[in-house]
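One-letter residues, chain by chain:
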Amino acid sequence: MPGPGGAPDGIHDPYEQTNRKNHELNRALDRGLVRPASKGYVTIVPDPVAESVSNFAANLSLPGTVVNNLLQGDLGGALQNTYRFAFNTVFGIGGLGDPASELGIAEVEADFGGTLHVWGVPEGAYVELPVLGPSTERDAAGRVVDLFTNPLTHALPKPEKYYGRAASVASKLRSRGRFSDTVDSVLYESADSYSQSRLIYLQNRRFELGGGDDDTYIDPYDDPYGELYDDPYSE
């Protein structure tokens, strides 16, 4: 896979025609389903309840993050995330609370796209995936692998294994609703929402992986489609 260096402005987008079609599909999905559902969610669900649901989803994702910490050779991050998971599970009532953050035990984020980056795999071309939104060839492959890296995915019985999936969807709806004005400005008020979304995603992702060319971090939204339908244990 080619890296970004050979493309103007560091953007390698040979699939732009297809990507733009997927972008319009995703905008239609957002306009017709995600946006109204998110507004309803933040209006109806009290914020303390919504925050607890988000905490629960984030806590269940941590074992998968630990796997990627280890694959990246980050033993310290793996130990910190393991302690965070155990602490919040026990003292946060199954992860509904987040007492670990109050003690300064933050999550050390990792996913398999980042693991591939550490292993030297180039990011490849930019792609916009139907439903899932902005990505790169490397991160798209990483998302697939992340569906299987969380031990809880295999350990929990039915229907308990689906509780995290429902919580993850609710968490993403909350994020979409809370940042509705900013997301709307990108998706519906930009002169070219596809180019704007592409630029924001690539700059943010490269910043996360430590590959940014400057110190500017653009964060008007955290992935407009929020991995809404991703496995909740993938991060």
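Residues numbered from 1 in each chain as written. Predicted model: local features only at pLDDT ≥ 70, side-chain atom pairs only at ≥ 80, totals over all residues. Heavy atoms only, no water.

*Asks:* Sorry if this is basic, but what is going on with the overall build of the chain here?
*Replies:* Each helix and strand counted, the chain has ten helices and two strands in total. Along the chain, helices (α) and strands (β) appear in the sequence α-α-α-α-α-β-β-α-α-α-α-α when read from the amino end. Sequence separation of 24 or more characterises 72% of the internal contacts of the chain that already satisfy a separation of 6 or more. Only carbon and sulfur atoms are counted for the fraction: they give 59% of the accessible area of the chain, which is about 11700 Å². (Helix = DSSP H or I, 4+ residues; strand = E, 2+ residues; numbered from the N terminus. Contact = heavy atoms within 4.5 Å. Areas by Shrake-Rupley, 256 points an atom, 1.4 Å probe, with all protein chains shown as cover.)

*Asks:* Mind showing me how you'd approach the packing of aromatic side chains here?
*Replies:* Within a pair of aromatic rings, the relevant descriptors are the distance that separates the centres and the angle that separates the planes. A full pass over the atoms with the stated rule returns five aromatic pairs. Residues Tyr83 and Phe87 carry aromatic rings whose centres are separated by 5.8 Å and whose planes lie at 45° to one another, so their mutual orientation is tilted. Placement of the pair is Tyr83 and Phe87 together in helix H3 (residues 75-91), with a separation of four residues, close to one helical turn. You can call Tyr83 partly exposed: its relative accessible area is 47%. Here Phe87 and Phe91 contribute two aromatic rings whose centre-to-centre distance is 4.8 Å and whose plane-to-plane angle is 40°, an arrangement assigned as tilted. One end of the pair is Phe87 and the other is Phe91, both in helix H3 and four residues apart, which spans about a single turn. Residue classification places Phe87 among the buried positions, given a relative accessible area of 15%. We classify Phe91 as exposed; its relative accessible area is 58%. Members of the aromatic cluster, connected to one another through ring pairs, are Tyr83, Phe87 and Phe91. (Phe/Tyr/Trp six-rings, centres within 6.5 Å; stacked < 30°, edge-to-face > 60°. Buried < 20%, exposed > 50% of the residue type's maximum accessible area, 1.4 Å probe, protein only.)

*Asks:* Even after reading the chapter, I still don't get unusual backbone geometry, so can you show me in this structure?
*Replies:* Trans peptide bonds make up the majority, and among non-glycine residues the majority have a negative phi. Going from Lys158 to Pro159, the amide bond is cis rather than trans, its omega being 0°. Along the polypeptide, Pro159 turns up in the loop between helix H7 (151-155) and helix H8 (163-178). For Ile93, which is not glycine, the phi dihedral falls at a positive 55°. Topologically, Ile93 is positioned in the loop between H3 and helix H4 (99-102). Exposure remark for Ile93: the relative accessible area of 67% places this residue in the exposed category. Located in the positive-phi region is Val131, a residue other than glycine, with phi close to 75°. With respect to the helices and strands, the residue Val131 is situated in the loop between strand S1 (126-129) and strand S2 (133-136).

*Asks:* Explain the confidence of the model for the chain here, please?
*Replies:* Detailed reading of predicted coordinates is not advised where the pLDDT is low. Confidence along the chain averages 88 in pLDDT terms, with 86% of residues attaining 70 or more. Under a pLDDT of 50 for its full length, residues 1-8 has, in the predicted model, 17 contacts with residues more than four places off or in other chains. Low pLDDT (under 50) marks residues 212-235, which in the prediction has 74 contacts with non-local residues, meaning those over four places away or in another chain. (pLDDT = per-residue confidence, 0-100.)

*Asks:* Please explain the packing of helix H2 (residues 47-71) against H8 as it appears in this structure.
*Replies:* How two helices pack is summed up by the angle between their axes together with the distance between the axes. One can describe the packing of H2 onto H8 by two numbers: an axis separation of 8 Å at closest approach and a directional angle of 125°. As judged from the angle between their axes, H2 and H8 are oblique. H2 and H8 meet at a crossing whose hand is left-handed. Listed contacts from H8 to Asp47, Ala50, Glu51, Val53, Ser54, Phe56, Ala57 and Leu60 of H2 are Tyr163, Gly164, Ala167, Ser168, Ala170, Ser171 and Arg174. When grouped by side-chain class, the residues that make up the contact of H2 with H8 number eight nonpolar, four polar and three charged. (Axes fitted to C-alpha atoms, helices over the stretch in contact; angles between N-to-C directions. Parallel < 35°, antiparallel > 145°, perpendicular 65-115°, else oblique. Left-handed = near helix turned anticlockwise from the far one by under 90°. Nonpolar A, V, L, I, M, F, W, Y, C, P; charged D, E, K, R; others polar.)

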